[in-house]
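Fold and geometry: a report
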Amino acid sequence: MSTDYYSRLEQERGPQPSEQMIASIAQGLHLSRDERDHLFRLAGHQPPAPSAAGDHISPGTMRIFDRLTDTPAEIVTELGETLRQTPLGMALVGDLSRHTGPSRSIGYRWFTDRSARDLYPSEDHEFYSRMYVSGLRGVVTRRGPTSRAARLVQLLESHPEFRQLWQEHEVGIRPREIKRYRHPVVGLLELSCQVLLDPEQAHSLLVYTATPGSESHEKLQLLSMIGAPTVG
């Protein structure tokens, strides 16, 4: 996008760009939500309705994310929808931002697409199932019965495993300190996950690290040269 193109938007001249284009411009320029909404109006569109689960990432979070060039990291919504990944993050788990519809949520994919479990040791599967159900219950409690989280529950109720766990009413199950991945090329990795929460946007910046000198650290360095696998 040229400077002249943006200037014409500010002056309300030229062709009307699509809402998708405006959203991309706002994110690319690291605009705040108020600045994004102003740009939507200049382009003749109504801004997206306020939502704690929106896709617009705050400028501060993006500035931090953009500096994470040598580590796996991702920005996710409260429903586990991946909005951004670093190149090493894609090398670790594949391109998760490519999913559409309900499948954008890792919790939804966990129960509807068995391949979503391939990257995780089988002995960890039961814990992840409980964690995703617990997390979704927490979001429904916060957002209410008409929220997107509640609609995900409706979609998942036909799956026996989800339905059984939902009836157990577990809440507050937190991720383990160490996450284990069974990568198809480099094998098992054990990574710590640090979380930076943006409460206004309900987004989390997840950063995965390995102990320097460990086998997992060496495997991450190898992944940085291999690139993204066809997984996820």
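Below is a short write-up of the structure.

Re empty space enclosed by the protein
According to the stated counting rule, one finds one cavity of 30 Å³ or more in the structure shown. As for the largest cavity, its lining consists of Ala73, Glu74, Gln85, Gly89, Leu92, Val93 and Tyr208. Within the residue set of the lining of the largest cavity, elements represented by two or more residues are strand S1 (73–77) and helix H5 (87–93). Broken down by element, the residue count for the lining of the largest cavity peaks at three residues, all from H5. Broken down by class, the residue content of the lining of the largest cavity amounts to four nonpolar, two polar and one charged.

Points about the packing of aromatic side chains
The tally for this structure, following the rule as stated, stands at ten aromatic pairs. Considering the side-chain rings of tyrosine 120 and tyrosine 181, the 5.5 Å spacing of their centres and the 45° angle between planes classify their relative orientation as tilted. With a gap of 61 residues between them, tyrosine 120 in the loop between helix H6 (106–112) and helix H7 (125–143) and tyrosine 181 in strand S3 (residues 178–183) connect regions that are remote in the sequence. Accessibility assignment for this pair places tyrosine 120 and tyrosine 181 in one class, buried. An aromatic cluster is present here, built from Trp110, Tyr120, Phe127, Tyr128, Tyr132, Tyr181 and Tyr208 joined pairwise through their rings. Its guanidinium or amino end placed over the ring of phenylalanine 111, arginine 117 lies 5.8 Å from that ring's centre, counting from NZ or CZ. The positively charged end of arginine 137 is found above the aromatic ring belonging to tryptophan 166, 3.8 Å away from the centroid.

Overview of the packing of H7 against helix H8 (residues 148–156)
Between H7 and H8, the least distance of the axes is 8 Å, while the angle of their chain directions is 135°. In terms of orientation, H7 and H8 fall into the oblique class. Taking contact as the criterion, the partners of Leu136, Val139 and Val140 in H7 are, on H8, Ala149, Ala150, Leu152, Val153 and Leu156. Residue composition of the contact of H7 with H8, grouped by class: eight nonpolar, no polar and no charged.

So, how was this worked out
- Residues numbered from 1 in each chain as written.
- Predicted model: local features only at pLDDT ≥ 70, side-chain atom pairs only at ≥ 80, totals over all residues.
- Heavy atoms only, no water.
- 1 Å grid on protein atoms, 1.4 Å probe; cavity = no way out; pocket = protein on both sides within 12 Å on 5 of 7 lines; lining within 4 Å.
- Points joined across faces, edges and corners; volume = space filled by probe spheres on them.
- Helix = DSSP H or I, 4+ residues; strand = E, 2+ residues; numbered from the N terminus.
- Nonpolar A, V, L, I, M, F, W, Y, C, P; charged D, E, K, R; others polar.
- Phe/Tyr/Trp six-rings, centres within 6.5 Å; stacked < 30°, edge-to-face > 60°.
- Buried < 20%, exposed > 50% of the residue type's maximum accessible area, 1.4 Å probe, protein only.
- Lys NZ or Arg CZ within 6 Å of the ring centre and 35° of its normal.
- Axes fitted to C-alpha atoms, helices over the stretch in contact; angles between N-to-C directions.
- Parallel < 35°, antiparallel > 145°, perpendicular 65-115°, else oblique.
- Contact = heavy atoms within 4.5 Å.

Worth remembering: the numbers are spatial, not functional.
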